[in-house]
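# Survey of secondary and tertiary structure
The primary structure of each chain is shown beneath.
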Amino acid sequence: MLEPLLGSINRERVLLFLYSRDQGYAREIARFYKTDLSQIQKQLERLELGNIIYSKTLGKTRVYSLNPRYPFLEELQSLLEKVLSFYPPEEREKLTLSRKRPRRKGKPL
Amino acid sequence: MKHIKEMSLGELAAYVCTHLEKNGIHCVLTGGACVSIYTENRYESFDLDFVENVTSKRKHIIKVLSKIGFKEYNKYFKHDDTKYFIDFPAGPLAIGREPVRKPDVINFETGKLVLLSPTDSVKDRLAAYYHWNDKQCLDQAVLITETNNVDIDEIKRWSEREGKLSEFDSIKEKLLHKNKHL
């Protein structure tokens, strides 16, 4: 939906993923959208250079989030929220559905 | 004029800032370099982060900086005669959600440096503390308040705008305690 504005479908995907799930890493995002990892990595790198997202390393994984210091964050979030509202409910649910509550290791789901 | 290898961080920043300005690149020094300058190097930074409001073409920046011996290296600019390096983080010039209204100017013998004011520098460091939980940046903010006049009310107003009033209240004493020695 934002491809004409952002110039890249993968940039839109990255932003929507990070907005919906608060954080994510390249392989996870690529897997979710069944797309090429290098394309997602490229968009993550560009968005980070633009200060729109930021990253930190957890173990060996570089985890990205929307940058709370980005001056247009509120406006960006509103835009992404609106884009999400245009998604079919099942698509939206897939994107937003991820367990965030802590769960002890080994405990059955 | 001093040679680049003899320049302090502030002198070099002023030299570069003036050179950029003369060539139509209007930018403001931000980040850790401002802390270094305001704390007389009690916190040492090596990167000069210049932010532009209207982004210049990268090719133009490369050409202008090459005139004074800085070469692009992995998105940064380095010079053989100094340990300091230059970066141009993406604009706009803002601290959290707000634009920077009025940068300060300091004159060095090497040129004129446009940089964040001490109050904005504290806000800049607190943004990293509030949003990224960077405790080193809180220490830097406190260091600035030790030797500079900062507007605590303005910092409180800004913190509230960032949605971080309770965080401000919990560190206010640190900032005030240091500030009252002025």
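Residues numbered from 1 in each chain as written. Chains lettered and ligands numbered in written order. Predicted model: local features only at pLDDT ≥ 70, side-chain atom pairs only at ≥ 80, totals over all residues.

Next up on the list: the pairing of strand E9 (residues 111-115) of chain B. Each regular strand shows side chains that alternate between the opposite faces of the sheet. Residue and element names in this part refer to chain B. As judged from the 5 bridges shared by strand E8 (residues 104-108) and E9, these two strands associate in the antiparallel manner. From the neighbouring strand, Val 105 faces E9, where its bridge partner is Val 114. The loop that links E8 with its antiparallel partner E9 comprises 2 residues. (Pairing = 2+ DSSP bridges. Helix = DSSP H or I, 4+ residues; strand = E, 2+ residues; numbered from the N terminus.)

Time to look at helix H5 (residues 73-86) of chain A. The terminal C-alpha atoms of H5 of chain A, which comprises 14 residues, lie 20 Å apart, in line with the 20 Å expected from a rise of 1.5 Å per residue. Of all 14 residues in H5 of chain A, 1 are buried, a share of ten percent or less. (Expected span 1.5 Å × (residues − 1). Buried ≥ 20, exposed ≤ 12 C-beta atoms within 10 Å, placed from the backbone.)

This part is about the confidence of the model for chain A. Summary statistics for chain A give a mean pLDDT of 89 and a share of 92% for residues scoring 70 or more. When mean pLDDT is taken per element in chain A, strand E2 (residues 61-66) of chain A scores highest with 96 and helix H6 (residues 89-96) of chain A scores lowest with 83. (pLDDT = per-residue confidence, 0-100.)

This paragraph deals with the domain arrangement of chain B. Residues and elements named next belong to chain B. Domain assignment breaks chain B into domain 1 (4-116) and domain 2 (119-179). Put simply, the middle of domain 1 and the middle of domain 2, counted by C-alpha atoms, are 23 Å apart. The interface is formed by 14 residues belonging to domain 1 together with 14 residues belonging to domain 2. Here the element with the most residues in the side of domain 1 that touches domain 2 is helix H2 (residues 32-38); it accounts for 3 residues. Looking at the side of domain 1 that touches domain 2, its residues break down into 7 nonpolar, 4 polar and 3 charged. (Domains from an automatic or database assignment. Contact = placed C-beta atoms within 7 Å. Nonpolar A, V, L, I, M, F, W, Y, C, P; charged D, E, K, R; others polar.)

Each partner contributes to the interface: chain A provides 7 residues, whereas chain B provides 8 residues. Of the residues assigned to the side of chain A that touches chain B, the class counts are 3 nonpolar, 2 polar and 2 charged.

Here the focus is the packing of helix H2 (residues 9-21) of chain A against H5 of chain A. Residues and elements named next belong to chain A. Contact geometry of H2 with H5 gives a least axis separation of 10 Å together with a crossing angle of 95 degrees. With respect to their mutual orientation, H2 and H5 come out roughly perpendicular. Contacts from Leu 15, Leu 16, Tyr 19 and Ser 20 in H2 reach Gln 77, Leu 80, Val 83 and Leu 84 in H5. In terms of residue class, the contact of H2 with H5 is built from 6 nonpolar, 2 polar and no charged. (Axes fitted to C-alpha atoms, helices over the stretch in contact; angles between N-to-C directions. Parallel < 35°, antiparallel > 145°, perpendicular 65-115°, else oblique.)

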